[in-house]
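As a plain string of letters, each chain reads:
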Amino acid sequence: MDALAECQQVATDAARLSCFDAAAREIASARKSGSLLALDRAAVVERKQQRFGLADAAKNPLGGGEADRLTRVTEVKTTITGVKASSYARFLIQLANNTAWETIEPLTLAPRPGTAVIIKQSGFGGFKALIDGERPVLVKRQR
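These notes cover the structure that comes with them.

The rules behind the values
Residues numbered from 1 in each chain as written. Predicted model: local features only at pLDDT ≥ 70, side-chain atom pairs only at ≥ 80, totals over all residues. Heavy atoms only, no water. Salt bridge = Lys/Arg side-chain N within 4 Å of Asp/Glu carboxyl O. Buried < 20%, exposed > 50% of the residue type's maximum accessible area, 1.4 Å probe, protein only. Helix = DSSP H or I, 4+ residues; strand = E, 2+ residues; numbered from the N terminus. Disulfide = S-S within 2.5 Å. Pairing = 2+ DSSP bridges. Axes fitted to C-alpha atoms, helices over the stretch in contact; angles between N-to-C directions. Polar contact = N/O pair within 3.5 Å; in protein donor to acceptor, adjacent residues only side chain to side chain. Contact = heavy atoms within 4.5 Å.

1. What about the pattern of salt bridges?
Thinking step 1. Per the stated rule, a full pass over the model turns up 4 salt bridges.
Thinking step 2. Close ionic contact of K77 with E75 constitutes a salt bridge, the shortest N to O distance being 3.7 Å.
Thinking step 3. With a relative accessible area of 26%, E75 lands in the partly exposed category.
Thinking step 4. Between K120 and E75 there is a salt bridge, and its shortest N-O distance comes to 3.8 Å. Here K120 is found in strand β4 (residues 116–121), whereas its partner E75 is found in strand β1 (residues 75–85), with 45 residues between them in sequence.
Thinking step 5. Salt bridges sharing common partners tie together E75, K77 and K120.

Now the structure itself:
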């Protein structure tokens with residue numbers, strides 16, 4: 001990729017084209033061999049949002065560093081699509097992003113479908129749900 005960027009500095013058209021062709025061949029060869037991966041940032045973030053809250057989601061799929069920092073997901077904003085009573089004023093909440101979370105703390109009222117919710121990372125590896133109109137409550141990802 002650096003060679004490709006350096007080609008822009010070549011002065012003459014024929015030499016610049018030759019440089020770009022050589023760099024393109026190297027990139028194509030590296031992609032074909034599997035030594036170079038090209039990822040769409042939006043697709044990576046979407047995948048991380050789907051894995052948000054699962055036990056293995058905290059791993060760095062891109063090897064850590066800048067790439068993982070730039071695609072880090074610390075919250076998910078969506079809506080509630082279904083609610084089932086669990087026990088002791090706890091609820092299993094189905095979300096529009098096809099995930100399910102169970103409240104760990106009791107709620108005063110059952111959440112309603114269509115209500116906005118934000119799931120955020122909280123201290124010590126836990127998660128909190130900010131359900132519109134309620135206080136933040138601890139939740140655990142079920143699926």
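2. Notes on the state of the cysteines
Throughout this description, disulfide means a covalent bond between two cysteine sulfur atoms.
Thinking step 1. Applying the stated criterion across every chain, the model contains 1 disulfide.
Thinking step 2. Bridging C7 to C19, the disulfide has an S-S length of 1.9 Å. On the sign convention where negative means left-handed, the S-S torsion of about -80° between C7 and C19 marks this disulfide as left-handed. Of the two residues, C7 is situated in helix α1 (residues 2–7) and C19 in helix α2 (residues 13–33); the sequence distance between them amounts to 12 residues.
Thinking step 3. According to the relative accessible area criterion, C7 is buried, its value standing at 0%.

3. Topic: the sheet that holds strand β2 (residues 91–95)
Thinking step 1. Around the barrel, 6 strands lie side by side as β1-β2-β3-β6-β5-β4; this closed barrel has antiparallel pairing. Neighbouring strand axes in the sheet, compared pairwise and without regard to direction, differ in orientation by 45° on average.
Thinking step 2. In terms of strand pairing, β1 meets β2 through 5 bridges, oriented antiparallel. Residue pairing in the sheet places I80 in a bridge with L95 of β2.

4. Describing the side chain of T103
Thinking step 1. Along the chain, the position of T103 falls in strand β3 (residues 100–103).
Thinking step 2. At a separation of 2.8 Å, a polar atom in the side chain of T103 contacts the main-chain amide nitrogen of F91.
Thinking step 3. Residues within four places of T103 in sequence aside, it is in contact with A89, R90, F91, I93, V137, L138 and V139.

The values reported here are purely geometric and, on their own, carry no functional implication.
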